[in-house]
Amino acid sequence: MEIGISMFGDLRFDKQNNSYQLAGQRINEIIEEVKLMDEVGLDVFGIGEHHRADYAVSAPDIILAGAATVTKNIKLTSAVTVLSSDDPVRVYEAFSTVNAMSNGRAEITVGRGSFIESFPLFGYDLNDYNELFTEKLNLLLNINWADGPLTWTGKHRPSLKDQEVFPKSEIPMNVWIAAGGTPESVLRAAKLGLPLVFAIIGGMPEQYKPFFEYYKQEYIKAGHDINKMQIATHSHGLVGADGNALAREYFATYKDQMDRIGASRGWQPYTYEQYEGGRSRDGALFIGDANQVVDKILYHQEMFGLTRWLMHSDLGAPDHLTQMKSIELLGTKIAPEVKKALAK
């Protein structure tokens, strides 16, 4: 099983000055963090796309291109690319460029987006939310799998006639589908034989088991090779030498960000009881020491049959040194223990 880290590029909020951390500072921290991920042997790094004041990253491909220059082995993926409001031709061109820079380490994770600010920004109608994604995924996959000129016709983008898109990857890139828990996303990925990643960030992870079983059932029914099936989750997490002390220190940062996001979604204020429930064995949070996180990863792997697990590690922007320590522990302590246990 691959083990890695995903991030959104959250910016630290200074309550005293009522301002966010400068994006440039956070982006340079991210590059330093990815370099360490590679050095400690983590398998995957993913970076998300947002177009808001509280996030540093609106162009994941640019961050991944920077990461490609300071890493040697780690896979580099978006987490996610909001394909509905982007142009599949440009998405392919950008990621195939990162793929060339990194000697074949680039992947694309696409989703419809849980934040919607990109739709008005780029002139798309939210009434077309589902239709946009379906059409644009079709075009992206056609480009990725094409071995020559492509002719394609759609509704929301000008048609292509005998066009090729460059640079071409030597082999098609891995395109993952990101899902938040809708049967439609699961069925789409299964029918197409695409890898599937679930965001499990709250509640009881066990409730997601029917989605995984549905995916496996439909994947096989569609005639795909079960030995090539790839399933992943990403969940909020942070690791420290003293897991309980880390959790106490991190709570205020975590709560502030959950409440900022929740204010626009009608969520109730986040509580310490929710936090501790999430940290329990049956919860969705991976916040603690190395042993706690190892046990929980193995529990999730057994429950879901994962081939990849990602710790989403920068919610609320814990400070850079805390994240560096968490990355070090994930790579040197947790990943080796998990892989050792699975090898048995």
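Above: the structure in question.
Values in this document were obtained by computation on a predicted structure and should not be read as measured data. (Residues numbered from 1 in each chain as written. Predicted model: local features only at pLDDT ≥ 70, side-chain atom pairs only at ≥ 80, totals over all residues. Heavy atoms only, no water.)

Draft legend 1. View of the layout of surface pockets. Quantified by volume, the largest pocket comes out at close to 860 Å³. Taken together, 40 residues form the lining of the largest pocket, with F8, S114, G180, A199 and H234 sitting closest to its centre. Among the residues making up the lining of the largest pocket, the classes are represented as 21 nonpolar, 15 polar and four charged. (1 Å grid on protein atoms, 1.4 Å probe; cavity = no way out; pocket = protein on both sides within 12 Å on 5 of 7 lines; lining within 4 Å. Points joined across faces, edges and corners; volume = space filled by probe spheres on them. Nonpolar A, V, L, I, M, F, W, Y, C, P; charged D, E, K, R; others polar.)

Draft legend 2. View of the packing of aromatic side chains. Inspection of every chain in the model, using the stated rule, returns 18 aromatic pairs. A centroid spacing of 5.6 Å and a plane angle of 50° characterise the contact between Y215 and Y219, whose relative ring orientation is tilted. Pair noted here: Y215 and Y219 are both in helix α7 (residues 209–221), with a separation of four residues, about one helical turn. For Y215, a relative accessible area of 1% corresponds to the buried category. Judged by relative accessible area, Y219 falls into the buried class, the value being 3%. Put simply, the rings of Y250, F251, Y254, Y270, Y272 and Y275 pair up and form one aromatic cluster. The residue whose ring lies beneath R265 is F115, and the NZ or CZ to ring-centre distance is 4.5 Å. The ring of F286 has K296 lying over it, and the distance from NZ or CZ to the ring centre is 5.3 Å. (Phe/Tyr/Trp six-rings, centres within 6.5 Å; stacked < 30°, edge-to-face > 60°. Helix = DSSP H or I, 4+ residues; strand = E, 2+ residues; numbered from the N terminus. Buried < 20%, exposed > 50% of the residue type's maximum accessible area, 1.4 Å probe, protein only. Lys NZ or Arg CZ within 6 Å of the ring centre and 35° of its normal.)

Draft legend 3. Quick peek at the side chain of D54. On the secondary structure map, D54 appears in the loop between β4 (44–47) and α2 (60–68). Among the polar contacts made by the side chain of D54, one reaches the side chain of R52 at a distance of 3.0 Å. Ignoring sequence-local partners within four residues, the contact set of D54 consists of G9, D10, L11, Y20 and Q257. (Polar contact = N/O pair within 3.5 Å; in protein donor to acceptor, adjacent residues only side chain to side chain. Contact = heavy atoms within 4.5 Å.)

Draft legend 4. Highlighting helix α10 (residues 290–304). Counted at 1.5 Å a residue, the expected span for α10 with its 15 residues is 21 Å, and the 21 Å between its end C-alpha atoms agrees. Residues A290, V293, V294, K296, I297, Y299, H300, Q301, M303 and F304 constitute the buried set of α10. In this structure, the buried residues of α10 make contact with α7, β12 (231–239), α9 (272–279), β13 (286–288), β14 (308–312) and α11 (320–343). Between a side-chain oxygen at the N-terminus of α10 and the backbone nitrogen of N291 the separation is 3.1 Å; the capping residue is D289. (Expected span 1.5 Å × (residues − 1).)

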